[in-house]
Amino acid sequence: MYTIILAGGFGTRLFPLSRTNYPKQFIPLFGGKSLFQKTVERALLTSSPDEIYVVTNAAHHFLVKEQLNSINAPCNILEEPCGKNTLPALIYATLTIYRQDEDAVILVLPSDQYLEVNPAYTNAIDAAEKLASEYLITFGVSPTTPHTGYGYIKPGKELSSGYMVDTFVEKPNLETAQQYLTEGYLWNAGIFCFRADMFLKECEMHAPDIISAFKNNSVKTAYSQVPKISIDYGLLEKTNNIAVIPLQTKWSDLGSFDALYSLKEKDKNGNVAPTDYITPDGENNLVISDRLVATIGLSDVSIIDSADVLVICSKDQSQRIGEITEILHDQNDERVENHTTVHRPWGSYTILQKGKTFLIKRLTVLPHKRLSLQYHHHRSEHWVVVSGMAEVTNGDKTFFVQNGESTFVPAGVKHRLANPGAIPLEVIEVQNGEYLSESDIVRCDDDYERNNEENKG
């Protein structure tokens, strides 16, 4: 069985943990592993690494690669030129697989969900693989509450291992959700299974323009021609050849901090917190922080503390985090886009301190990686090596800088930082100038073929 993992989302529903360029699927929330890595491990139960295709975007490509490497899973990565929702992504990936194996059976997994693997899960996957010769398969999670944040599926005629889909319904109000619960509706999990040839045939019938764009053009041209459309709207709600298999396991799309709280282990007072949390009376709190947090008289709250943003809200209001990110977007605040630590294909940088005319960063350059050859119009840079050995290009000279040594790069001078060694290179960078934006980078040569508008550094 092949697996397609959808990992192209730019979500900020868990802000400030998630940012546009570091969405929730990549945050290490579960034992040091991310939802994306947990999804890959789940895919490896039924597929070998070379049978797994991760669909992502340019901004997250190297983050995906880094997280795959850390769990020793050399899967295939398909890069989208731009996001067009799930149907174009699935057509792109399915055509890629079909051209290699016309008999392929494919499992589709979103990378931003929590799902507990149990015998019911593995049995459902086995059942779907058998039914895939006759139907497109979706999975419906057996509801535990009348949740208003999920779409629902109404099962119809019973089959050997599931049901025909009667209806897909949108997110309901509470009264309707309670009714769905009593009538046996299922939560729409966004997990699918199908034969590649059957899926493509159904797309020919119900989304002919989209599949034609991918069959007759390059990937880049196809993405420029197709609309933004989900598999639900573009295909599943139109076809009569869709079955649902009930899935009885712990599942969540982790759309809020309240959902995260429900999944975590709690102490005797109902708190989910690190060891550095003290309170004489706090109950049922979610606390995420790297420093000591103390509360008095606060219960049923979420306290999310990152290096540059602190969010405090009632747990039952955590779905409103989007209102905060909208305000930041309206103010063009970069904090909605990036953490203080920003991942790059060569490693990462962390902002340590910032002033009007100076910026201090810690650069981590991975072994045998290097930054682009570049220059700046408005700032100079002073590099101090604190760990490892750097190969520095500074103007027309290339030389090595050892631990404890430094070099100065004036504004307008072409320069490059590289790590020729086998351990990560750590460099403190002090920028000076009147304009310190990442947009003041002009690339002359880049190993990762980025243009001057994307993924600066």
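This one's a predicted model, so the numbers in the text were calculated from it and none came from an experiment. (Residues numbered from 1 in each chain as written. Predicted model: local features only at pLDDT ≥ 70, side-chain atom pairs only at ≥ 80, totals over all residues. Heavy atoms only, no water.)

Participant: Provide a residue-level description of the overall build of the protein, including the pertinent values.
Facilitator: From N to C terminus, the protein includes eleven helices and 27 strands. For 457 residues, the compact-globule formula gives about 23 Å, and the C-alpha radius of gyration of the protein, at 24 Å, lands near that figure. Each of the three principal axes of the protein carries a C-alpha extent, and together these read 75 × 65 × 40 Å. By residue count, 50% of the 457 residues in the protein fall in the buried class. A fraction of 67% describes how many contacts in the protein between residues 6 or more apart in sequence connect residues 24 or more apart. Entry remark: accessible area of the protein is about 21100 Å², with carbon and sulfur atoms responsible for 48%. Of the side-chain charges in the protein, 41 are positive and 58 negative, and the distance between the mean point of each set is 3 Å. (Helix = DSSP H or I, 4+ residues; strand = E, 2+ residues; numbered from the N terminus. Rg over C-alpha atoms; globule rule 2.2 N^0.38 Å. Buried < 20%, exposed > 50% of the residue type's maximum accessible area, 1.4 Å probe, protein only. Contact = heavy atoms within 4.5 Å. Areas by Shrake-Rupley, 256 points an atom, 1.4 Å probe, with all protein chains shown as cover. Lys, Arg positive; Asp, Glu negative; His and termini not counted. Charge placed at Lys NZ, Arg CZ, Asp CG, Glu CD.)

Participant: Outline the side chain of Asp305, supporting the account with residue identities and numerical values.
Facilitator: Counting through the fold element by element, Asp305 comes out in strand β15 (residues 301-305). Judged by its relative accessible area of 11%, Asp305 falls in the buried class. Within the local environment of Asp305, its side chain forms a polar contact with the side chain of Ser289, the two groups lying 2.9 Å apart. Separated by 2.6 Å, the side chains of Asp305 and Arg291 make a polar contact. Among residues more than four places away in sequence, those in contact with Asp305 are Ile288, Ser289, Arg291 and Leu310. (Polar contact = N/O pair within 3.5 Å; in protein donor to acceptor, adjacent residues only side chain to side chain.)

Participant: Run through the environment of Asn269, naming residues and quoting values.
Facilitator: Mapped onto the secondary structure, Asn269 falls in the loop between α10 (257-263) and β12 (277-278). Separated by 151 residues in the primary sequence, Asn269 and Pro420 have C-alpha atoms spaced 51 Å apart. Residues in contact with Asn269, not counting those within four places in the same chain, are Gly282, Glu283 and Asn284.

Participant: Quick rundown of the sheet that holds β15? Include the residues and the values.
Facilitator: Think of a sheet as strands paired side by side through backbone hydrogen bonds, with each pair either parallel or antiparallel. Spatial ordering of the open sheet is given by β13-β15-β16, a layout of three strands whose pairing is mixed. A strand with exactly one partner marks an edge of an open sheet, and here the two such strands are β13 (286-288) and β16 (310-314). Neighbour to neighbour, the strand axes of the sheet diverge by 5° on average, direction disregarded. Pairing geometry for β15 and β16, over five bridges, is antiparallel. Bridge pairing in β16 links Ser302 to Cys313. (Pairing = 2+ DSSP bridges. Axes fitted to C-alpha atoms, helices over the stretch in contact; angles between N-to-C directions.)

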